[in-house]
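Fold and geometry: a report
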Amino acid sequence: MLACMGYNTPEYTKFPGFLSPSQSLKFSDIPNGLAAISKVPALGWVQILCFAGFIEGRDGLKWDNASRGDLGWKVITSDDPEILKQKRAAELANGRLAMMAIIGMF
């Protein structure tokens, strides 16, 4: 769902100012969608990847628990195993629907 929001938001609003003052490239000059990939300077992508790496690894990822990807915080909970199974299945279906939605936007 965040991917859908990120894809649609530039249609309605853009940051003011310059993305790259040295290349006099404004945020308003960047097209929407996949066309933006080739317009952002290489150092901009390096900055984005470094920031994402910092956010992902600042506390260190510990994969010593029983299920991979379980970082210790629970959003979907229930005391009843059958209800928990239904909630997980619904979340999986919603995730798959969100993936189809963003693919359909291209």
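First, a word on scope: everything that follows refers to the structure included in this document. (Residues numbered from 1 in each chain as written. Predicted model: local features only at pLDDT ≥ 70, side-chain atom pairs only at ≥ 80, totals over all residues. Heavy atoms only, no water.)

**Let's talk about unusual backbone geometry**
Let me state the cut-off plainly: Here a strand is any run of E in DSSP of at least two residues, a helix any run of H or I of at least four, and the numbering for each starts at the N terminus. Partly exposed residues are those whose accessible area sits between 20% and 50% of the maximum for their type, while under 20% is buried and over 50% is exposed, using a 1.4 Å probe and protein chains only.
In this structure, serine 24 takes a positive phi of about 45° despite not being glycine. For serine 24, the position within the fold is in the loop between strand 1 (18-20) and strand 2 (25-26). The exposed category is assigned to serine 24, whose relative accessible area is 51%.

**Regarding helix 2 (residues 42-57)**
Counted only if it meets this: Under the convention used throughout, the expected extent of a helix is 1.5 Å for every residue step, that is, one less than its residue count.
Across its 16 residues, helix 2 extends 22 Å between first and last C-alpha, which sits within 8% of the 22 Å expected from 1.5 Å per residue. Helix 2 sits mainly on the outside: one of its 16 residues count as buried.

**Considerations on the environment of glycine 44**
Tracing the chain through its elements places glycine 44 in helix 2. Distance from glycine 44 to leucine 19, taken between C-alpha atoms, is 8.6 Å for residues 25 residues apart in sequence.

**Observations concerning the packing of helix 1 (residues 2-12) against helix 3 (residues 81-104)**
Stated formally: Every angle, taken between N-to-C directions, lies between 0 and 180 degrees, and every axis is a line fitted to C-alpha atoms, over only the stretch in contact when it is a helix. By the definition adopted for this analysis, an angle is roughly parallel if under 35 degrees, roughly antiparallel if over 145, roughly perpendicular if from 65 to 115, and oblique otherwise. By definition, any crossing whose near helix is turned counterclockwise from its far helix by less than a right angle is left-handed, and any crossing with a clockwise turn is right-handed. Should any heavy atoms of two residues lie within 4.5 Å, those residues are counted as being in contact. Amino acids outside the nonpolar list (Ala, Val, Leu, Ile, Met, Phe, Trp, Tyr, Cys, Pro) and the charged list (Asp, Glu, Lys, Arg) are all regarded as polar, and Gly is one of them.
The interhelical angle for the contact between helix 1 and helix 3, taken along N-to-C directions, is 25°, at an axis separation of 8 Å. Judged on the interaxial angle alone, helix 3 and helix 1 are roughly parallel. By crossing handedness, the relation of helix 1 to helix 3 is classed as left-handed. Contacts between helix 1 and helix 3 involve Ala3, Cys4 and Tyr7 from the former and Ala98, Ala101 and Ile102 from the latter. Counted by class, the contact of helix 1 with helix 3 contains six nonpolar, no polar and no charged residues.

**Examining the packing of aromatic side chains**
To describe a pair of aromatic rings, you give the distance between the ring centres and the angle between the ring planes. Quick note on the threshold: In summary, the pairing rule links any two rings of Phe, Tyr or Trp, Trp by its six-membered ring, whose centres are within 6.5 Å, and it sorts them by plane angle into stacked for under 30 degrees, edge-to-face for over 60 and tilted for everything else.
Scanning all chains against the criterion turns up one aromatic pair. For the ring pair phenylalanine 15 and phenylalanine 27, a centre distance of 5.5 Å and an interplane angle of 65° mean the geometry is edge-to-face. Here phenylalanine 15 is found in the loop between helix 1 and strand 1, whereas its partner phenylalanine 27 is found in the loop between strand 2 and helix 2, with 12 residues between them in sequence. A relative accessible area of 64% places phenylalanine 15 in the exposed class. Overall, phenylalanine 27 belongs to the partly exposed group, its relative accessible area being 24%.

**Some points on a nonpolar patch on the surface**
Stated formally: Patches were defined on residues exceeding 30% relative accessible area and lacking a salt bridge, with like-charge contacts within 9 Å and nonpolar side-chain contacts (Val, Leu, Ile, Met, Phe, Trp, Tyr) within 5 Å. Surface accessibility in these figures is a Shrake-Rupley result with a 1.4 Å probe; residues are shielded only by whichever protein chains are displayed. Take a side-chain nitrogen of Lys or Arg and a carboxyl oxygen of Asp or Glu: if they are within 4 Å of each other, that pair is a salt bridge.
On the surface, Leu34, Ile37, Trp45, Ile48 and Phe106 cluster together into a nonpolar patch covering about 510 Å² of accessible area. Looking at the secondary structure, you find tryptophan 45 in helix 2. Overall, tryptophan 45 belongs to the partly exposed group, its relative accessible area being 33%.

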